[in-house]
Protein chains: 2
Amino acid sequence: MAELKNDLLLRALKKETVERPPVWMMRQAGRYLPDYIKLRNKYDFFTRVQTPELACAITLQPIDQVGVDAAIIFSDILVIPQAMGLEVLMEEGKGPSLPKTIQTRSDIENLRTDNAEESLAYVYDALSLTKQELNGRVPLIGFAGAPWTILCYMIEGKGSKTWDKAKQFAYTEPALAHQLLQKITDITINYLKLQVKAGADTVQVFDSWAGSLSPLDFSIYAQPYLLQIADALHEHAPVILFPKGSWYALKTLSESKAAGIGIDWCVSPAMARELTGNNITLQGNFDPSKLLAPIPQIKKWVKEMVNEFGSQKYIANLGHGITPNVPVDHAKAFVDAVKETAFSTQSA
Amino acid sequence: MAELKNDLLLRALKKETVERPPVWMMRQAGRYLPDYIKLRNKYDFFTRVQTPELACAITLQPIDQVGVDAAIIFSDILVIPQAMGLEVLMEEGKGPSLPKTIQTRSDIENLRTDNAEESLAYVYDALSLTKQELNGRVPLIGFAGAPWTILCYMIEGKGSKTWDKAKQFAYTEPALAHQLLQKITDITINYLKLQVKAGADTVQVFDSWAGSLSPLDFSIYAQPYLLQIADALHEHAPVILFPKGSWYALKTLSESKAAGIGIDWCVSPAMARELTGNNITLQGNFDPSKLLAPIPQIKKWVKEMVNEFGSQKYIANLGHGITPNVPVDHAKAFVDAVKETAFSTQSA
């Protein structure tokens, strides 16, 4: 394997001194990129995910075109329900749906668990190919959905504003919920280890719907499984946990085996530093809606964000995925602003 | 007017000593009540809202059937866009939609503002009739949507998980956003004053989508208008502000002219007390998804919640509206548990 020419992301995760903060964007591969849209018009979603050459090509697009400091493999968190035997449909522009949802003990018992992660060979192949094609330009990020978030989709069968059905399942059938969460966790750990083996330099766990839970319920239904994953993976690769909306868990997670915590824009950088005792690398938290503003305004906001987080133990990112309507030069302005800010910080 | 026999809610809002905390539930009038569903099957949504006899009957149902300590007038926050000249459609089970949205300066200038609140006479009539029918049993709550939340619907034209369009409008056209927010605020203030004049004992302002904003953006686009409303109303009636999701604003709002702050379940009672310096009456924050659990479990959770908030300067409520699938006896268990807890707290 080629030696990394740009290892800013990995050094930031190791709390090493960096000359400027690394920057990447959640959902950077896809949606807003014209070259992605061309592939989308030719191949359906899961063909793009399951064909290593396509996933690799999509993963590389933002490296070349936007100048981010890391590649994140093009895939989807719902490959885990697929590996466990559930059908997942993806209708363009409408989000995912699962025709058969989990409702009973026997539904859970019927899920495939033994070696389920082995059915995801196309992900490992895509990682290996991408690693080779990157040729050391930037680190490669693997990822998975967090167990709570995967449970949400398995129970509801589609996206939701409130995840009431998933929560009602957990609150009325806590033993079954924990059984399901543990099954998802076990497979996710194996899956992430295989991603690292295939070439991922770091892995991010997306708990996109953690914020639907109260602090107490997060500590019951989400946190234990995030911690299990961090414990199991941290000797293989640095782990970034992204519990969207769960500002109340920042302190506990900052004391875990995770190397980084992703935060959304609903906590200020200063408050996030305070809640984590400045003890861990933070990643975030630009509101993607702001990428529609004029470029000089974007750059001003980005510089304010970086200054508030500080240039060390920091990975510049959005607070959620980039939206499809962002012009490429606005995305690039976000990335450029981070790079420029670091220099102005250094000279200050 | 008949003297109030149960004034627990008003005493809690005045920080006076109460023998037990008052309890009511957001969306308590409607949805989950069989008698409401009968009326829903006969009259469409805005007929129910605009016919004082129907709105009154619906408002009274949970007083008689669930035993709450306050009535909240059956209405909708989107009557304000209607009063300003926008069409609002309500499709049963699908939520509201506005066929014509606000996109430009001229859209804003074309909104009706002069005496727009006068077109909402049916709300005042419903309040007067309900006040009379209540005959002093419990206080009557009026309400309105917060300006930011009303702007969200006016720009997006329907519900959204992320309110990206509304935020993009605010971030790219801040002057227009403030112009629109101020127009909504002015009408809302007049509207709430007329609600008080018609019989509302207190008013709640629902900022349901405040949590889509960062702390800084909340302070720019939401908070100033909430404070204007609290300033203008507090000498007329106690004001409850409910900035859902905006835990970061609790301190500032606790120092405002509001008498109470509603909180959702994503902040713990102890943290909410800490953030507000225990200086203001708090309302909330039971996760409505928990009302599907078995009754003994509901009662246990409610008692834990009340004990954590404490029995004084506290109004027991949900952290968001009750969902349609809650059995009536579960809603009643929530109310009963609050009443029972207070006694056990007193004897402790």
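What counts, and where the lines are drawn
Residues numbered from 1 in each chain as written. Chains lettered and ligands numbered in written order. Predicted model: local features only at pLDDT ≥ 70, side-chain atom pairs only at ≥ 80, totals over all residues. Helix = DSSP H or I, 4+ residues; strand = E, 2+ residues; numbered from the N terminus. Rg over C-alpha atoms; globule rule 2.2 N^0.38 Å. Buried ≥ 20, exposed ≤ 12 C-beta atoms within 10 Å, placed from the backbone. Contact = placed C-beta atoms within 7 Å. Least-squares fit on C-alpha atoms with pLDDT ≥ 70 in both. Right-handed = clockwise from strand over helix to strand, strands pointing away. Pairing = 2+ DSSP bridges. Core = buried A, V, L, I, M, F, W, Y, C linked by C-beta atoms within 7 Å. Nonpolar A, V, L, I, M, F, W, Y, C, P; charged D, E, K, R; others polar. pLDDT = per-residue confidence, 0-100. Axes fitted to C-alpha atoms, helices over the stretch in contact; angles between N-to-C directions. Parallel < 35°, antiparallel > 145°, perpendicular 65-115°, else oblique. Expected span 1.5 Å × (residues − 1). Left-handed = near helix turned anticlockwise from the far one by under 90°.

### Some remarks on the overall build of chain A
- If you tally the helices and strands in chain A, you get 16 helices and 9 strands.
- In terms of overall size, chain A behaves like a compact globule, its C-alpha atoms giving a radius of gyration of 19 Å where 348 residues would be expected to give roughly 20 Å.
- For chain A, the C-alpha atoms occupy an extent of roughly 60 × 45 × 35 Å along the three principal directions.
- Residue burial in chain A is summarised as follows: out of 348 residues, 56% are buried.
- Sequence-distant contacts in chain A: of pairs separated by 6 or more residues, those separated by 24 or more amount to 75%.

### Focus on helix 12 (residues 223-233) of chain A
- A:Gln223, A:Tyr225, A:Leu226, A:Ile229, A:Ala230 and A:Leu233 are the residues of helix 12 of chain A that are buried.
- Residues of helix 12 of chain A that are buried sit in contact with helix 8 (147-156), helix 10 (174-198), strand 5 (202-207), helix 11 (215-221), strand 6 (239-243) and helix 13 (250-254) of chain A.

### A look at the relation of the copies chain B and chain A
- By a simple turn and slide, chain B fits onto chain A: the slide is 0.0 Å along the axis, the RMSD is 0.0 Å, and the turn is 180°. The superposition of one copy onto the other is thereby described by a two-fold rotation axis. Minimal C-alpha separation from the rotation axis in chain B is found for B:Lys161, amounting to 2.8 Å.
- Most of the interface of chain B is mirrored in chain A, where 100% of its interface residues again form contacts.

### Re the pairing of strand 8 (residues 281-286) of chain B
Residues and elements named next belong to chain B.
- Judged by how many residues are buried, strand 8 sits mostly within the fold: 6 of 6 residues are covered.
- Between strand 7 (residues 260-262) and its parallel partner strand 8, the chain crosses via helix 14 (residues 269-275), and the hand of that crossover is right-handed.
- Here strand 8 pairs with strand 9 (residues 314-318) via 5 bridges, running parallel. Among the inter-strand pairings, Gln-283 is bridged to a residue of strand 9, identified as Ile-315.
- Remark: the strand 8/helix 15 (residues 295-309)/strand 9 crossover connection has right-handed handedness.

### Focus: the sheet that holds strand 9 (residues 314-318) of chain A
Residue and element names in this part refer to chain A.
- Pairing is parallel in the open sheet, where 7 strands are placed in the order 1-4-5-6-7-8-9. Each end of this open sheet is capped by a strand with a single partner; those strands are strand 1 (71-72) and strand 9.
- As defined by bridge partners, strand 1 adjoins strand 4 (residues 140-145) across 2 bridges and the pair is classed as parallel. Its bridge partner being in strand 4, Ile-72 is matched across the sheet by Ile-141.

### Here's the deal with the nonpolar core
- Residues A:Leu151, A:Val239, B:Leu151 and B:Val239 are the most contacted members of the largest nonpolar core, which totals 253 residues.
- Sorting elements by how many residues they give to this core places helix 10 of chain A first, with 9 residues.
- Excluding residues within four positions of it along the chain, B:Leu151 makes contact with B:Ala166, B:Ala177, B:Leu180, B:Leu181 and B:Ile184.

### Things to note about the interface of chain B and chain A
- Listed per partner, the contact involves 22 residues of chain B and 22 residues of chain A.
- At the level of elements, helix 9 (164-172) and helix 11 (215-221) of chain B are the ones that each hand at least two residues to the side of chain B that touches chain A.
- In terms of residue count, helix 9 of chain B provides more of the side of chain B that touches chain A than any other element does, 5 residues in total.
- In terms of residue class, the side of chain B that touches chain A is built from 9 nonpolar, 8 polar and 5 charged.

### Some points on unusual backbone geometry
- Across the junction of A:Gly284 and A:Asn285, the peptide omega takes the value -15°, indicating a cis bond.
- Structurally, A:Asn285 can be placed in strand 8 (residues 281-286).
- Here the phi dihedral of A:Asn135 falls at roughly 55°; this positive angle occurs in a residue that is not glycine.
- Non-glycine residue B:Lys313 carries a positive phi angle of around 50°.
- Its place among the elements puts B:Lys313 in the loop between helix 15 and strand 9.

### Remarks on the confidence of the model for chain A
- Overall, the prediction assigns chain A a mean pLDDT of 96, with 98% of residues at 70 or greater.
- The ipTM value of the predicted complex is 0.94, and its pTM value is 0.96.

### So, the pairing of strand 8 of chain A
- Both strand 7 (residues 260-262) of chain A and strand 8 of chain A contribute to a ladder of 3 bridges, which runs parallel. Residue pairing across strands places A:Ile261 opposite A:Leu282, the latter belonging to strand 8 of chain A.

### Observations concerning the sheet that holds strand 5 (residues 202-207) of chain B
Residues and elements named next belong to chain B.
- The 7 strands lie next to each other as 1-4-5-6-7-8-9, forming an open sheet whose pairing is parallel. Of all strands in the sheet, those bounded by a partner on one side alone are strand 1 (71-72) and strand 9.
- In the packing of helix 7 (residues 121-134) onto the sheet, contacts are made with strand 1 and strand 4 (140-145), and the angle to strand 4 comes to roughly 155°.
- Against the sheet, helix 10 (residues 174-198) makes contact with strand 4 and strand 5, and its axis sits at roughly 170° relative to strand 4, the strand it touches most.

### Focus: the packing of helix 8 (residues 147-156) of chain B against helix 9 of chain B
Residue and element names in this part refer to chain B.
- With their axes 8 Å apart at the nearest point, helix 8 and helix 9 run at an angle of 100° to one another. Between helix 8 and helix 9, the angle is such that the two are roughly perpendicular. Counted together, Leu-151, Cys-152, Ile-155 and Glu-156 of helix 8 and Lys-165, Ala-166 and Phe-169 of helix 9 form the full contact between these two elements.
- Of the residues belonging to the contact of helix 8 with helix 9, the class tally is 5 nonpolar, no polar and 2 charged.

### Comments concerning the environment of B:Phe74
All names here are of chain B.
- Looking at the element boundaries, Phe-74 is found in the loop between strand 1 and helix 5 (79-83).
- Phe-74 gets classed as buried once you count the C-beta atoms within 10 Å, which come to 25.
- Along the sequence, Phe-74 and Lys-131 sit 57 residues apart, while their C-alpha atoms lie 13 Å from each other.
- Setting aside anything within four residues of it in sequence, one finds Phe-74 in contact with Ala-29, Gly-30, Arg-48, Val-49, Ala-55, Ile-58 and Thr-59.

### Here's the deal with helix 4 (residues 52-65) of chain B
Residues and elements named next belong to chain B.
- The end-to-end C-alpha separation of helix 4 is 20 Å, in line with the 20 Å expected for 14 residues at 1.5 Å each.
- Listed in full, the buried residues belonging to helix 4 are Ala-55, Cys-56, Ala-57, Ile-58, Thr-59, Leu-60, Gln-61, Pro-62 and Ile-63.
- Structurally, helix 4 contributes buried residues whose contacts are with helix 2 (34-42), helix 3 (45-50), strand 1 and helix 7.
- Remark: Gly-67 follows helix 4 within two positions and exhibits a positive phi of approximately 80°.

### Quick word on the packing of helix 4 (residues 52-65) of chain A against helix 7 (residues 121-134) of chain A
All names here are of chain A.
- Contact geometry of helix 4 with helix 7 gives a least axis separation of 8 Å together with a crossing angle of 50°. What the angle tells us is that helix 4 and helix 7 run oblique. Where helix 4 crosses over helix 7, the handedness of that crossing is right-handed. Contact residues: Pro-52, Glu-53, Ala-55, Cys-56, Thr-59 and Leu-60 in helix 4; Tyr-122, Asp-125, Ala-126, Leu-129, Thr-130 and Glu-133 in helix 7.
- Tallied by class, the residues present in the contact of helix 4 with helix 7 amount to 7 nonpolar, 2 polar and 3 charged.

### Describing the environment of B:Ala331
All names here are of chain B.
- If you trace the backbone, Ala-331 turns up in helix 16 (residues 328-347).
- Using a count of 24 C-beta atoms within 10 Å as the deciding quantity, one classes Ala-331 as buried.
- In this structure the C-alpha to C-alpha distance between Ala-331 and Gly-136, which are 195 residues apart in sequence, comes to 23 Å.
- In this structure Ala-331 touches Met-25, Tyr-32, Val-66, Leu-291, Ile-322 and Val-326, once residues within four positions along its chain are discounted.

### Details of the environment of B:Thr113
Residue and element names in this part refer to chain B.
- With respect to the helices and strands, Thr-113 occurs in the loop between helix 6 (105-109) and helix 7.
- The exposure class of Thr-113 is partly exposed, given the 16 C-beta atoms found within 10 Å.
- Among residues more than four places away in sequence, those in contact with Thr-113 are Met-84, Lys-183, Asp-186 and Ile-187.

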